[in-house]
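Observations on the three-dimensional arrangement
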Amino acid sequence: MLVIWGMQDSALLPSQLDLGAYVPDLTIEKIDAGHFVPWQKPDAVIAAMRRWGI
């Protein structure tokens, strides 16, 4: 699973990224953006998806 996380998000905090115990084969991409990562940093989202293999 690929998670793309906006590190400046004030609703979903970085402390909530401890997902490895619940999700096997987890990849987390941390992006310097707020809650609306695809709108704020679309190029970074596309690059993360391509690295992951989408």
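My aim in this report is to walk through the structure given alongside it, one point at a time. (Residues numbered from 1 in each chain as written. Predicted model: local features only at pLDDT ≥ 70, side-chain atom pairs only at ≥ 80, totals over all residues. Heavy atoms only, no water.)

As for the packing of aromatic side chains
The condition is simple: Any Phe, Tyr or Trp ring, taking Trp's six-membered ring, that has another such ring centre within 6.5 Å forms a pair; planes under 30 degrees apart are called stacked, those over 60 apart edge-to-face, and the others tilted. Remark: exposure states derive from per-residue accessible area (1.4 Å probe, protein chains only) relative to the maximum for the residue type, with buried under 20%, exposed over 50%, and partly exposed in between.
One pass over the full model with this rule turns up 1 aromatic pair. With centroids separated by 5.0 Å and ring planes inclined at 15°, the aromatic side chains of Phe 36 and Trp 39 adopt a geometry described as stacked. Judged by its relative accessible area of 43%, Phe 36 falls in the partly exposed class. Of the residues examined, Trp 39 reaches a relative accessible area of 69% and is grouped as exposed.

Details of the pattern of salt bridges
Short version of the rule: The salt bridge definition used is simple: a Lys or Arg side-chain nitrogen within 4 Å of an Asp or Glu carboxyl oxygen. Numbering of helices and strands starts at the N terminus; helices are DSSP runs of H or I of at least 4 residues and strands are runs of E of at least 2.
Taken as a whole and judged by the stated rule, the model has 1 salt bridge. Linking Arg 51 and Glu 29 is a salt bridge whose minimum nitrogen-to-oxygen distance equals 2.9 Å. Placement of the pair is Arg 51 in helix H2 (residues 42-52) and Glu 29 in strand S2 (residues 27-31), with a sequence separation of 22 residues. The exposure class of Arg 51 is exposed, given its relative accessible area of 56%.

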